[in-house]
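Residue-level structure breakdown
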Amino acid sequence: LRRRTGKIIAAVENSKVTQQEMRSSFGGGSLPDYEFDSIGIGIAGDAVSISAKLRQYHYPVISRSTSSGILIDLRTVLPSQDNLLIDAIKSCS
């Protein structure tokens, strides 16, 4: 995940897009008491605006809002979708 995140961030070329350590849950949150470490992509800015743009992209991207922006858990993105994710992030950042 770290390697993929680094490649995605390099391709996006935006200082607001960073690698983030995060916690993730099993089953998309169905087991909220069971968390584990994950790696994500953070985008700094207005979380409501950024997440809306990502959801409205022609391949919707679901993110997690934070006080400083949004997080995308790379564990939930297939490697074959990395280029789509790069395009989606570029479209909203």
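Structure: above.
My aim in this report is to walk through the structure given alongside it, one point at a time. (Residues numbered from 1 in each chain as written. Predicted model: local features only at pLDDT ≥ 70, side-chain atom pairs only at ≥ 80, totals over all residues. Heavy atoms only, no water.)

1. Thoughts on helix H3 (residues 82-92)
The criterion, for reference: Classification of residues uses two cut-offs on accessible area relative to the type maximum, computed with a 1.4 Å probe and protein chains only: under 20% is buried, over 50% is exposed, and between them is partly exposed. We count a stretch as a helix when DSSP gives it H or I for four or more residues in a row; a strand needs E for two or more, and each element gets its number in order from the N terminus. Directions drawn from the helix axis to the C-beta atoms are what define this arc.
Along H3, the residues classified as buried are Asp82, Leu85, Ile86, Ala88, Ile89 and Cys92. End-on, the buried residues of H3 take up no more than an arc of 165°, which puts them together on one face.

2. So, the pattern of salt bridges
As a reminder of what qualifies: For this document, the term salt bridge refers to a Lys or Arg side-chain nitrogen within 4 Å of an Asp or Glu carboxyl oxygen.
By the definition in use, this model includes five salt bridges. Here Arg23 ties to Glu35 by a salt bridge, and the two come within 3.6 Å at their closest N and O atoms. With Arg23 in strand E1 (residues 17-26) and Glu35 in strand E2 (residues 31-44), the pair connects residues that are twelve residues apart, well separated along the chain. Take Arg23: its relative accessible area is 38%, and that puts it in the partly exposed class. Relative accessible area serves as the criterion here: at 42%, Glu35 is assigned to the partly exposed category. Each of the salt bridges in this network shares a partner with another, and the network as a whole consists of Arg23, Glu35 and Asp37.

3. Details of the layout of surface pockets
Just so we agree on the cut-off: Here a cavity means grid points, on a 1 Å grid over the protein atoms only, where a 1.4 Å probe fits yet cannot get out; a pocket means an open set of points with protein on both sides within 12 Å along at least five of seven lines; lining residues are those with an atom within 4 Å of a point. Grid points are joined across faces, edges and corners, and a volume is the space filled by probe spheres set on the points. Three residue categories are used. Nonpolar comprises Ala, Val, Leu, Ile, Met, Phe, Trp, Tyr, Cys and Pro, charged comprises Asp, Glu, Lys and Arg, and polar comprises the others, including Gly.
By volume, the largest pocket is sized at about 410 Å³. Broken down by secondary-structure element, the contributors of at least two residues to the lining of the largest pocket are E1, strand E4 (69-73) and H3. Considered class by class, the residues forming the lining of the largest pocket number twelve nonpolar, seven polar and three charged.

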